[in-house]
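# Tertiary structure, described
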Amino acid sequence: MAERKKKKSLIYSIMWMSAIPIVILGVILTIFSQNSVQEGMSFEIKKSLSGTAHNLISIYNMLDAGEFSYSNGKFWKGETELTSDYRILDDIKNDTGADVTIFYGSERRLTTLVDNLGARLVGTKVSEDVQEAVLQRGEEYFSESADVNGAAYFGYYVPIRDDAGNVIGISFAGKTVDSIRLSMRETTRENAILCVFVILLAEAACYISTRRMVTAIQCIKGFLGKLSHGDFSQDMPEEVMERRDELADMGRYAVTVGHSLEDMISKDPLTGLLNRRACLICAEKLKSRNHFVVAMGDIDFFKQVNDCYGHEKGDEVLRYVAEKLREMIPDGGFASRWGGEEFLLGFDGEVPEMNERLKTVMETISGTEFEHEGKSFHVSMTFGITVYQEGETLDEIVKRADGLMYFGKENGRNQIVLERKKEDLYERNTDTD
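Everything quoted here is computed from the prediction, not taken from an experiment.

A few words now on the overall build of the chain. A count of helices and strands for the chain gives 12 helices and 15 strands. Every one of the 433 residues in the chain was classed for burial, and the buried ones make up 39%. Taking contacts inside the chain between residues at least 6 apart in sequence as the whole, the part at least 24 apart equals 59%.

This next bit is on the pattern of salt bridges. With the rule as written, the count across this model stands at 18 salt bridges. Residues Asp 85 and Arg 87 are paired through a salt bridge, measuring 3.0 Å at the closest nitrogen-oxygen approach. On the basis of relative accessible area, Asp 85 is assigned to the partly exposed category, the value being 22%. When the shortest N-O distance is used, the salt bridge between Glu 419 and Arg 400 registers 3.1 Å. Of the two residues, Glu 419 sits in helix H12 (residues 419-432) while Arg 400 sits in helix H11 (residues 394-410), which places them 19 residues apart along the sequence. Taken together, the salt bridges that share partners define one network made up of Glu 132, Arg 137 and Glu 139.

This next bit is on the confidence of the model for the chain. Averaged over every residue, the pLDDT of the chain is 85; residues scoring 70 or more account for 88%. Within the model, the stretch residues 1-6 combines pLDDT values under 50 with 0 contacts to residues more than four positions away or in other chains. Across residues 425-433, where pLDDT falls below 50, the model places 4 contacts with residues more than four positions away in sequence or in other chains.

The next thing to look at is the layout of surface pockets. By volume, the second largest pocket is sized at about 240 Å³. Taken together, 13 residues make up the lining of the second largest pocket; nearest its centre are Leu 274, Arg 326, Gly 333, Phe 334 and Ala 335. Looking at the lining of the second largest pocket, its residues break down into 7 nonpolar, 3 polar and 3 charged.

Turning our eyes to something else, we now look at the sheet that holds strand E10 (residues 334-339). Pairing is mixed in the open sheet, where 5 strands are placed in the order E10-E11-E9-E14-E15. The strands lining the two open edges of the sheet, one partner per strand, are E10 and strand E15 (416-417). In this sheet, strand E14 (residues 381-387) lies alongside strand E9 (residues 292-299) in antiparallel orientation, the contact comprising 7 bridges. Each residue of the ladder has a partner; that of Ala 295, found in E14, is Ile 385.

With that out of the way, let us pick up the environment of Arg 252. Tracing the backbone through its elements, the reader meets Arg 252 in helix H6 (residues 246-266). Expressed as a C-alpha distance, the spacing of Arg 252 and Val 240, which sit 12 residues apart in the sequence, is 8.8 Å. In terms of polar contacts, Arg 252 uses its side chain to reach the side chain of Asp 249, at 2.6 Å.

Right, let's talk about the pairing of strand E1 (residues 68-71) for a bit. For E1 and strand E2 (residues 74-77), the ladder comprises 4 bridges, and the chain directions are antiparallel. Each bridged residue has a counterpart across the sheet, and for Ser 69 the counterpart in E2 is Trp 76. Between the antiparallel neighbours E1 and E2 lie 2 residues, among them Asn 72 with a positive phi of about 55 degrees.

Conventions adopted
Residues numbered from 1 in each chain as written. Predicted model: local features only at pLDDT ≥ 70, side-chain atom pairs only at ≥ 80, totals over all residues. Heavy atoms only, no water. Helix = DSSP H or I, 4+ residues; strand = E, 2+ residues; numbered from the N terminus. Buried < 20%, exposed > 50% of the residue type's maximum accessible area, 1.4 Å probe, protein only. Contact = heavy atoms within 4.5 Å. Salt bridge = Lys/Arg side-chain N within 4 Å of Asp/Glu carboxyl O. pLDDT = per-residue confidence, 0-100. 1 Å grid on protein atoms, 1.4 Å probe; cavity = no way out; pocket = protein on both sides within 12 Å on 5 of 7 lines; lining within 4 Å. Points joined across faces, edges and corners; volume = space filled by probe spheres on them. Nonpolar A, V, L, I, M, F, W, Y, C, P; charged D, E, K, R; others polar. Pairing = 2+ DSSP bridges. Polar contact = N/O pair within 3.5 Å; in protein donor to acceptor, adjacent residues only side chain to side chain.

The structure is reproduced here in structure tokens:
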């Protein structure tokens, strides 16, 4: 026979079901956020470099209102000589992290860019596509891969105009592609870490919620499992009943089913007392006590009640007697319909206590008047009381109580027979004979 597959835990099945879409969503969000970060950073870099390039022109205009000019190897702004004066450019680079350059025509005249030996790239020219866009068409120009002395740059170029509006130079601000990509990678990594944290947080929240749900399901399962073995003494745990979802409804339905099954399996349908099967279960539990007292009772001349007044009236008498017997039994005891008009009672106590309780019940029952079609009648009962003796079986206890009851019925009825009383009655009958 094929080996049975090992059962999977419900909580882990649910966790897997929830984890897969969460992880997929996390990956999608990470990829989307990476693209969004790249697009956003590209836009912000363009905006930042544009502002730096325009500010560079504004700063020099505030320095001197004259035009940029170059003659005899010297670079001027109005009457201010700028040749080899890099203070303004270096301050801007320190503040913004961007390299800046002032072109006069197509050649660099002031710049923060340096070669491998640390020399400023003065006198080098801008690329032809920039010359065409800025110097010839007079447009601002942005590139994400501008070639600056062999290095790739994010670069923004702004035309510098003379008083007549002619383009005479270029203001440049740029950052290396490598530095931008490094910044993008760091931002992407931070977003990925954040995404992983959110996934783990979502999984933790899902686990806690799932754990509580599965715990409730397991409680309901345990409740139903005990019901299937005939254990009706349990209560549904509060952690199920206090929920505000369908599991709480399932818990309440399970309790209702339990009560219905208990009534069907354990109760006599006519009187509501325990049936014989349930009675034996309760009696077996009471056997472990030190003082287990049992009484067997029978309604006297009950057949005449049925014959004279009908079975419906007989059922009414049975229900009334059952109610009174149920009321007299203390907590932890049992009252059962043993069969027909016979009843078996038991609780943890002494014979005198059972005797006093039964006397009270017998007075109540015999004093009750039943009516049928204008006629009235009374009923009485006979009981036999005994106590459990160590080592006895339930059959032996019940048989002894039953024998005491029948002895009472044969000797006058409407009485309670104890084992000592039976001996006394037997001795008196023997003497009479």
